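# Report on the structure
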Amino acid sequence: MRIVIGNLPEDVDEEGIRDALPPFAPVEATKLVQESGAPTAVIELETTRAHAEHLANRIRGRVYHGKPLNAWVPTMDW
């Protein structure tokens with residue numbers, strides 16, 4: 001499953017994401033997308049959709065480097 005995390009600070013890097021998420025979600029792979037606007041992270045983990053939704057809810061609203069995070073599970077598997 002994938003969880004998308006948005007509203008990250010401009011200076012974020014993949015290592016920072018991997019270090020910050022273990023208390024909330026077991027991260028197996030991370031990809032940072034910085035195409036336009038605020039960076040977005042896509043994390044991958046082996047779990048069910050229901051569990052991924054639960055983890056996204058735990059991440060959503062947490063403050064990371066002064067910014068409240070958005071987190072969601074994509075409706076389509078891409």
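Look above for the structure.
Just so you know, these numbers come straight off a predicted model, no measurement behind them.

As a further point, take the overall build of the chain. Counting its regular elements, the chain contains 2 helices and 6 strands. Listing each helix as α and each strand as β along the chain from the N terminus yields β-α-β-β-α-β-β-β. The C-alpha radius of gyration computed for the chain amounts to 11 Å, which stays within 12% of the reference 12 Å derived for 78 residues, consistent with globular compactness. Summarising its shape, the C-alpha atoms of the chain cover approximately 30 × 25 × 20 Å along the three principal directions. Within the chain, the fraction of its 78 residues that count as buried is 36%. If you take every contact in the chain between residues at least 6 apart in sequence, the share linking residues at least 24 apart comes to 65%. Counting every atom, the chain has about 4,700 Å² of accessible surface; 50% of that belongs to carbon and sulfur. Here the chain carries 8 positive and 12 negative side-chain charges, and the mean point of each set is 7 Å from the other.

What follows concerns unusual backbone geometry. One non-glycine residue, N7, lies in the positive phi region at around 65°. In this structure, N7 sits in the loop between β1 (2-6) and α1 (14-20). One non-glycine residue with positive phi stands out, namely H65, at about 50°. Within the fold, H65 resides in the loop between β4 (63-64) and β5 (67-68).

Parameters and conventions
Residues numbered from 1 in each chain as written. Predicted model: local features only at pLDDT ≥ 70, side-chain atom pairs only at ≥ 80, totals over all residues. Heavy atoms only, no water. Helix = DSSP H or I, 4+ residues; strand = E, 2+ residues; numbered from the N terminus. Rg over C-alpha atoms; globule rule 2.2 N^0.38 Å. Buried < 20%, exposed > 50% of the residue type's maximum accessible area, 1.4 Å probe, protein only. Contact = heavy atoms within 4.5 Å. Areas by Shrake-Rupley, 256 points an atom, 1.4 Å probe, with all protein chains shown as cover. Lys, Arg positive; Asp, Glu negative; His and termini not counted. Charge placed at Lys NZ, Arg CZ, Asp CG, Glu CD.

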